[in-house]
Amino acid sequence: MKIAISGGSGFVGQALTEHFTEKGNDVYILTRNPDGKPEKERVTYIKWLSDDHQLDELPELDAIVNLAGESINGRWTDEKKEKILSSRIDSTRSIMDLIERQETKPEVLINASAVGYYGTSQTEKFDEWKEEAGDDFLAEVTKQWENEALKAKDYGVRVVCTRFGLILDKDEGALPRMALPYKLYGGGPIGSGDQWYSWIHISDVAGLIDFAIQNRSIEGSLNATSPHPVQMNDFGRLLGRRLNRPHWLPLPGFVLKTALGEMSTLILDGQKVYPQKALDHNFKFTYPTLSSALTAIYER
């Protein structure tokens, strides 16, 4: 296949590029600055989101994966919030422009989203059949982002919005920051410790996106989470056990709110999300349990 990836130099984009090229596919990474990028077999860098873009150099594509957007890490000032939203809307509109200009349309657009769509709850279970979005900032961002991506259906393109949970990897993403207090013997419950973490191993992210590209019966929302979400206390205990460290030192929620502001909701609040659509389509998770995922990560 020939697959274009926007945001291809990021955490998920790099994993996807490696996954696809190892299977013999050609990957075209859409980037603002293609100069100086490392040469890789079956990888081509295409200039994008600039006045002198080179999108005409793209071949006929089988799929587009849109991951581009401002990082949600950092204090959510009004300016930061605007960048988080506008970067996702603008990049997705650029993807629509790319699709419009392609004489032969790609079969599918895989557009990133997040489990933040559902809002937060310690008691409710969420899956793709819950159509109503939450009412907080991240829910509004993901709702607008998905609505923009769904416009590709007007061109006859199948659209899948992958709602990512907490993506686990040893060196990238949130896990290294979560593991650091444990390595320093200071890990423990954060806030109430009862909040749900809907997580997924990075290898299963790549596998699920590939699965969604191949399986034409999958469209609309797709939860990219493991089938076994866990509460913070259980997550911490398993992480501490894997690192041979105690889970004992509480971090009060008000301390985190003071340090991070509104962004602290990512850590203090959560949602219990199930990948029902993946399970209904018989996707096989390589790491369905947190124990298996952490074992794989820390034994590498």
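All of these numbers come straight from a predicted model, not from anything done at the bench. (Residues numbered from 1 in each chain as written. Predicted model: local features only at pLDDT ≥ 70, side-chain atom pairs only at ≥ 80, totals over all residues. Heavy atoms only, no water.)

**Let's talk about the environment of Ser-87**
Put simply, the test is: Helix and strand assignments come from DSSP, with helices taken as H or I runs of at least 4 residues and strands as E runs of at least 2, each series counted from the N terminus. Here a residue-residue contact requires only that any non-hydrogen atoms of the pair lie within 4.5 Å.
Inspection of the secondary structure assignment puts Ser-87 in helix α2 (residues 78-101). As a C-alpha pair, Ser-87 and Ser-71 span 16 residues in sequence and 9.5 Å in three-dimensional space. Ignoring sequence-local partners within four residues, the contact set of Ser-87 consists of Gly-69, Glu-70 and Glu-82.

**Topic: the packing of aromatic side chains**
Using the following cut-off: Working definition: a ring pair exists when centres of Phe, Tyr or Trp rings (six-membered ring for Trp) sit within 6.5 Å. Plane angles under 30 degrees give stacked, over 60 give edge-to-face, the rest tilted. The rule is simple: take the accessible area with a 1.4 Å probe, protein chains only, and divide by the maximum for that residue type; under 20% is buried, over 50% is exposed, in between is partly exposed.
This structure, assessed with the given rule, holds six aromatic pairs. Note on Tyr-117 and Tyr-118: the rings are 5.6 Å apart at their centroids and 85° apart in plane angle, and the pair reads as edge-to-face. Of the two residues, Tyr-117 and Tyr-118, neither departs from the other in class, the shared state being buried. Relative to Phe-126, the ring of Tyr-118 lies with its centre 5.3 Å away and its plane at 20°, an arrangement referred to as stacked. Following the ring pairs from residue to residue traces out a cluster consisting of Tyr-117, Tyr-118 and Phe-126.

**A look at the sheet that holds strand β1 (residues 2-6)**
Threshold: By the convention used here, strands pair only if DSSP detects at least 2 bridges between them. Between N-to-C directions, angles cover 0 to 180 degrees, with each direction set by a line fitted to C-alpha atoms, over the stretch in contact for helices.
Taken together, the seven strands give an open sheet; going across it, the order is β3-β2-β1-β4-β5-β7-β11, and neighbouring strands pair in parallel fashion. For this open sheet the edge positions go to β3 (43-47) and β11 (220-224), each flanked by a neighbour on one side alone. Strand-to-strand, the axes of this sheet are offset by a mean angle of 25°, without reference to chain direction. Of the strand pairs in this sheet, strand β7 (residues 158-164) and β11 are connected by five bridges, and their pairing is parallel. Looking across to β11, one finds that Arg-163 is bridged to Asn-223. Sitting on the sheet, helix α1 (residues 11-22) is in contact with β1, β2 (26-31), β3, β4 (63-66) and β7, with an inclination near 170° to β1.

**With respect to the environment of Tyr-155**
Here Tyr-155 shows up in the loop between α3 (137-149) and β7. Sequence spacing of Tyr-155 and Tyr-118 is 37 residues, and the spatial spacing of their C-alpha atoms is 28 Å. In contact with Tyr-155, not counting residues within four places along its chain, are Met-96, Ile-99, Glu-100 and Lys-105.

**Points about the layout of surface pockets**
Selection criterion: Within this scheme a cavity is a closed region of a 1 Å grid, computed over the protein atoms alone, that accommodates a 1.4 Å probe without allowing it to escape, whereas a pocket is open but has protein on both sides within 12 Å along at least five of seven lines; lining residues each have an atom within 4 Å of a point. Grid points are joined across faces, edges and corners, and a volume is the space filled by probe spheres set on the points. Each residue gets one label: Ala, Val, Leu, Ile, Met, Phe, Trp, Tyr, Cys and Pro are nonpolar, Asp, Glu, Lys and Arg are charged, and the others, such as Gly, are polar.
A volume near 310 Å³ is recorded for the second largest pocket. Residue lining of the second largest pocket: 12 residues in total, with Ala-15, Glu-18, Asp-169, Ile-202 and Ser-203 positioned closest to the centre. Residue assignment for the lining of the second largest pocket shows that the elements contributing at least two residues are α1 and α5 (202-214). The leading source of residues in the lining of the second largest pocket is α1, at six residues. Here the residues of the lining of the second largest pocket sort into four nonpolar, three polar and five charged.

**Re the side chain of Ser-91**
Keep this limit in mind: What qualifies as a polar contact is a pair of N or O atoms within 3.5 Å, subject to a donor-acceptor requirement within protein and to the restriction that residues adjacent in sequence count only when both atoms come from side chains.
Residue placement: Ser-91 occurs in helix α2. Ser-91 sits in the buried class, given a relative accessible area of 3%. In terms of polar contacts, Ser-91 uses its side chain to reach the backbone carbonyl oxygen of Arg-88, at 3.2 Å. Setting aside residues up to four positions removed in sequence, Ser-91 forms contacts with Trp-48, Asn-66 and Ala-68.

**Here we look at the pairing of β1**
Convention followed: Assignment of crossover handedness uses the view with strands pointing away from the viewer, where a clockwise path from the first strand over the helix to the second indicates a right-handed crossover.
Of all the five residues making up β1, four are buried; the element is thus mostly covered by neighbouring parts of the structure. Where β1 lies against β2, five bridges are found, and the strand directions are parallel. Residue pairing across strands places Ser-6 opposite Leu-30, the latter belonging to β2. On the question of chirality, the crossover connecting β1 to the parallel β2 by way of α1 is right-handed.

**Observations regarding unusual backbone geometry**
Of note in this structure, Arg-42 is not a glycine but carries a positive phi near 70°. Positionally, Arg-42 belongs in the loop between β2 and β3. For Arg-42, a relative accessible area of 39% translates into the label partly exposed. Within the chain, Asn-244 stands out as a residue other than glycine whose phi angle is a positive 60°. Assignment of secondary structure puts Asn-244 in the loop between α6 (232-242) and α7 (253-260). Classification of Asn-244 as exposed rests on a relative accessible area of 65%.

**Thoughts on α1**
Side chains that are three or four residues apart share a direction in an α-helix, a result of its 3.6 residues per turn. Note the following rule: Expected span of a helix, by definition, is 1.5 Å for each gap between consecutive residues, and there is one gap fewer than residues.
The end-to-end C-alpha distance of α1 is 17 Å, a good match for the 16 Å that 12 residues give at a rise of 1.5 Å each. Positive backbone phi, at 90°, marks Gly-24, one or two positions downstream of α1.

**Topic: the side chain of Asp-169**
Assignment of secondary structure puts Asp-169 in the loop between β8 (166-168) and α4 (175-183). Here Asp-171 takes part through its backbone nitrogen, which lies 3.1 Å from a polar atom of the side chain of Asp-169. Only 3.1 Å separates the side chain of Asp-169 from the backbone nitrogen of Glu-172, close enough to count as a polar contact.

The values are spatial; any link to function lies outside them.
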